[in-house]
Amino acid sequence: MVQQSEAPRVIARSDATPRLELAGVGKVFSGPSGPVEALRGVDLSVADGEFVAIVGPSGCGKSTILNVVAGLEQPTRGEVRLDGAALQDRLGRTAYMHQRDLLLPWRTVLDNAILGLEVAGVPRSEARARALALVERFGLTGFIDSYPAALSGGMRQRAAFLRTVLADRPILLLDEPFGALDALTRASMQEWLLGLWDELRRTILFITHDVEEAVLLADRVLVMSPRPGTIVERAVVGLPRPRRYEMVTEPAFVALKAALIAALRGDGGGVR
Amino acid sequence: MIADLPSTRLRRSGQWGIPGVLLVVAVALWELIVRLTDTPAWFLPAPSAILGALVHNWQLIGGHTLVTLEEVLVGFVLSFAFGVGVAIAIAYSPIVERAIYPIVIASQAIPIIALAPILLIWFGYGLTPKIIVVVLICFFPIAVNTVDGLRAADPELVDLLRSMGAGRWKSFRTVRLPAALPYLFSGTRIAAAVSVIGALIGEWVGSSAGLGYFMIRSASQFNTARVFAAVLVSAVLGVVLFVAVALLERWLLPWQHTGRDG
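The model shown is predicted, which means the values in this text are computed figures rather than measured ones. Every chain begins its residue count from 1, and numbering advances along the sequence as written. Key to labels: chains lettered from A, ligands numbered from 1, both in the order written. The model is predicted, so local features are restricted to residues of pLDDT at least 70 and side-chain atom pairs to those at 80 or more, both for listing and for counting; the totals for chains, interfaces and linings are taken over all residues.

## A word on the overall build of chain B
Applied cut-off: What counts as a helix is a DSSP run of H or I of at least four residues, what counts as a strand is a run of E of at least two, and both are numbered from the N terminus. Here exposure depends only on C-beta density: within 10 Å of a residue's C-beta, 20 or more other C-beta atoms make it buried, 12 or fewer make it exposed, and intermediate numbers make it partly exposed, the C-beta atoms being placed from the backbone. Note that contacts rest on C-beta atoms placed from the backbone: two residues are in contact if these are within 7 Å.
Of the regular secondary structure elements, chain B holds 11 helices and 0 strands. Each helix and strand of chain B, placed in order from N terminus to C terminus, yields the pattern α-α-α-α-α-α-α-α-α-α-α. Considered along the principal axes of its C-alpha atoms, chain B spans approximately 75 × 55 × 30 Å. Counting over 262 residues, chain B shows a buried share of 36%. Counting only contacts in chain B whose residues sit at least 6 apart along the sequence, the fraction spanning at least 24 positions is 75%.

## Points about the sheet that holds strand S4 (residues 77-82) of chain A
All names here are of chain A. Quick note on the threshold: Two strands pair if DSSP finds at least two bridges between them.
Taken together, 4 strands build an open sheet; the order of strands is S2-S1-S4-S5 and the sheet is antiparallel. Looking at the sheet topology across the chains shown, the edges are occupied by strand S2 (34-46) and strand S5 (85-86). Looking at chain direction, strand S1 (residues 20-31) and S4 are connected through 5 bridges and run antiparallel. Note on S4: the bridge partner recorded for Leu20 is Leu82.

## As for the pairing of S2 of chain A
All names here are of chain A. Here S1 pairs with S2 via 9 bridges, running antiparallel. Considered in S2, the bridge of Gly31 is made with Gly34. Taking the residues that link successive antiparallel strands as the turn, the S1-S2 hairpin has 2 residues.

## Overview of the interface of chain B and chain A
Which entries qualify depends on this criterion: Amino acids are sorted into nonpolar (Ala, Val, Leu, Ile, Met, Phe, Trp, Tyr, Cys and Pro), charged (Asp, Glu, Lys and Arg) and polar (every other residue, Gly among them).
Contact residues are listed per partner, giving 17 residues for chain B and 19 residues for chain A. Sorting elements by how many residues they give to the side of chain B that touches chain A places helix H7 (residues 155-163) of chain B first, with 7 residues. Of the residues contributing to the side of chain B that touches chain A, the split by class is 8 nonpolar, 5 polar and 4 charged.

## Some thoughts on the sheet that holds strand S10 (residues 231-236) of chain A
Residue and element names in this part refer to chain A. Note the cut-off: For helices, the fitted axis covers only the stretch in contact; all axes are lines through C-alpha atoms, and the angles between them, taken along N-to-C directions, range from 0 to 180 degrees.
The strand order S6-S7-S8-S3-S9-S10 describes an open sheet built from 6 strands, whose pairing is mixed. Each having just a single partner strand, strand S6 (94-97) and S10 make up the two edges of the open sheet. Averaged over neighbouring strand pairs, the angle between their axes works out to 15 degrees when direction is ignored. As defined by bridge partners, strand S3 (residues 51-55) adjoins strand S8 (residues 203-208) across 5 bridges and the pair is classed as parallel.

## A word on the packing of helix H6 (residues 153-166) of chain A against helix H7 (residues 183-200) of chain A
All names here are of chain A. Quick note on the threshold: Between 65 and 115 degrees an angle is taken as roughly perpendicular, under 35 as roughly parallel, over 145 as roughly antiparallel, and anywhere else as oblique. Handedness of a helix crossing follows the sense of rotation of the near helix relative to the far helix, less than a right angle counterclockwise being left-handed and clockwise being right-handed.
H7 packs onto H6 with a crossing angle of 20 degrees between their chain directions and a minimal axis gap of 11 Å. Comparing the axis directions of H6 and H7 gives the class roughly parallel. Judged by the sense of rotation from one axis to the other, the crossing of H6 with H7 is right-handed. Along the contact surface, H6 presents Gly153, Gly154, Gln157 and Val165, while H7 presents Thr185, Met189 and Leu200. For the contact of H6 with H7, the per-class residue count stands at 3 nonpolar, 4 polar and no charged.

## Some details on unusual backbone geometry
Residue and element names in this part refer to chain A. In this structure, the amide linkage connecting Arg227 to the following residue, Pro228, adopts the cis form with an omega of -5 degrees. For the bond running from Arg241 to Pro242, omega is -5 degrees, close enough to zero to count as cis. Checked against the element boundaries, Pro242 lands in the loop between S10 and helix H9 (251-265). Non-glycine residue Asp83 carries a positive phi angle of around 50 degrees. Residue position: Asp83 is located in the loop between S4 and S5. Of note in the backbone geometry, Leu102 takes a positive phi value of approximately 55 degrees without being a glycine. By the secondary structure assignment, Leu102 is in the loop between S6 and helix H3 (109-113). We classify Leu102 as buried; it has 21 C-beta atoms within 10 Å.

## Some details on the nonpolar core
Side chains of nonpolar character tend, in soluble globular proteins, to be buried together. Spelled out, the test is: When buried Ala, Val, Leu, Ile, Met, Phe, Trp, Tyr and Cys residues are joined through C-beta atoms within 7 Å, the set is termed a nonpolar core.
Val55, Leu173, Phe206, Val221 and Leu260 of chain A are the most contacted members of the largest nonpolar core, which totals 135 residues. Broken down by element, this core gets its largest block of residues, 15 residues, from helix H6 (residues 127-151) of chain B.

## A look at the pairing of S8 of chain A
As a general feature of sheets, a regular strand has side chains that alternate between the two faces. All names here are of chain A. What counts is decided by this rule: A right-handed crossover is one whose linking path, passing over the helix from the first strand to the second, runs clockwise when the strands point away from the viewer.
Buried residues dominate S8, accounting for 6 of its 6 residues. Sheet analysis places strand S7 (residues 171-175) next to S8, joined by 5 bridges and oriented parallel. Its bridge partner being in S8, Asp175 is matched across the sheet by Ile207. A crossover connection joins S7 to the parallel S8 through H7; in handedness this β-α-β unit is right-handed.

By themselves, these figures tell us nothing about what the structure is for.
Structural data, given as structure tokens:
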């Protein structure tokens, strides 16, 4: 996973083709009472190794963006480009993680973790070996042979993370991965993810309704409007890395958070 | 595993202890009443007499048991293959569902005991009509439960597999089938319990061997103890099949038993 060369990335960051690009993406669903416009004119790009968070009110079509990127849905308008190429069939090109851990109850933690590799055709023994190398980093030592039912919520989510990271796809799509956890577990999971991301530097598109979480984790934060969802504000998070949870009380953090919340509420206000 | 925890074991012994005691008391009362009232053996034999008949006619009953067991096992395996196959077709094809599912359900309204004489006319006295009756009885619970199970798969899980690039077959093997297994097994347990009844119905209508044949022969000779002995053996057969399926389930679906207690 980390084998991709480290050196050229720094140079490539500025003008290379983005890993992911959405250009004028619109999505209309046919609902029981007529068509429902979920997304309208969504433009966004995520560079290689960048962590981008989208915040928006519930029901604004955040998850639809991820479904479209993953290829589960096709956009009604606009196009999705992966590494510069507009592809119709994007299934299997991203690693998607939901708010629910979606672990298979009949598989042990280890066999759940290798699911993405298995689907990609990697032999089981090799997939298991690759999973075992990361088990400690994901805090799952001693639980690889347990069934998900025996795990706590935080552990289940880390197991789902392991499955997502291990799938070895160029982009990770994370849909409110901590949304179902209690506040304390969520804070420790956020810190854990910060550390993990510093090590792995994977390209991440992260969905949340929690502005603080977005600012703490991401390089850039995009704010979405209520339905039809479109991006109404874009902010670069200037906080240095590595980040720590304590930063949430720093003035720069608080100011950015306040500005983003204002944008989220539709008050306008300059964030940049 | 969890099953070996003392609390579970205690619960299980409690589960079997009370019905066990009840059964022993009932049998003892039966023995006592028959002896005290001097009931004639052709009317109601004492449990000891039934046991005597069983031991005395063991070779004869054993032979008939093997015949019935063959009908049950063949019919049961066929019902399983047929039931699961039809369930998959129904779950995956809306056309098949609309065409076949109502028929499958309506078929249960047909009194199978009334079909048995017709099967006798068509297929004669051999194994075939008995196997068909077993299949007619066992097919339904397996098929209906498996359909429910295949529909029970979490749609988000199916989407997850799709986003990974898994095809229909991979998704079926990885998500749909395992999710359906607990349902499939509960249908199969029911089928195992009623399969012996199917074979007996087939044998009553016309046969030259099997426990059902043996019951009818013994009843016409007023050898009531032998009838009861055959009833006992067929009940044991049904229970053994049921337990065998339940054990197979425990062995194949160990995850089913972690969640509940752990």
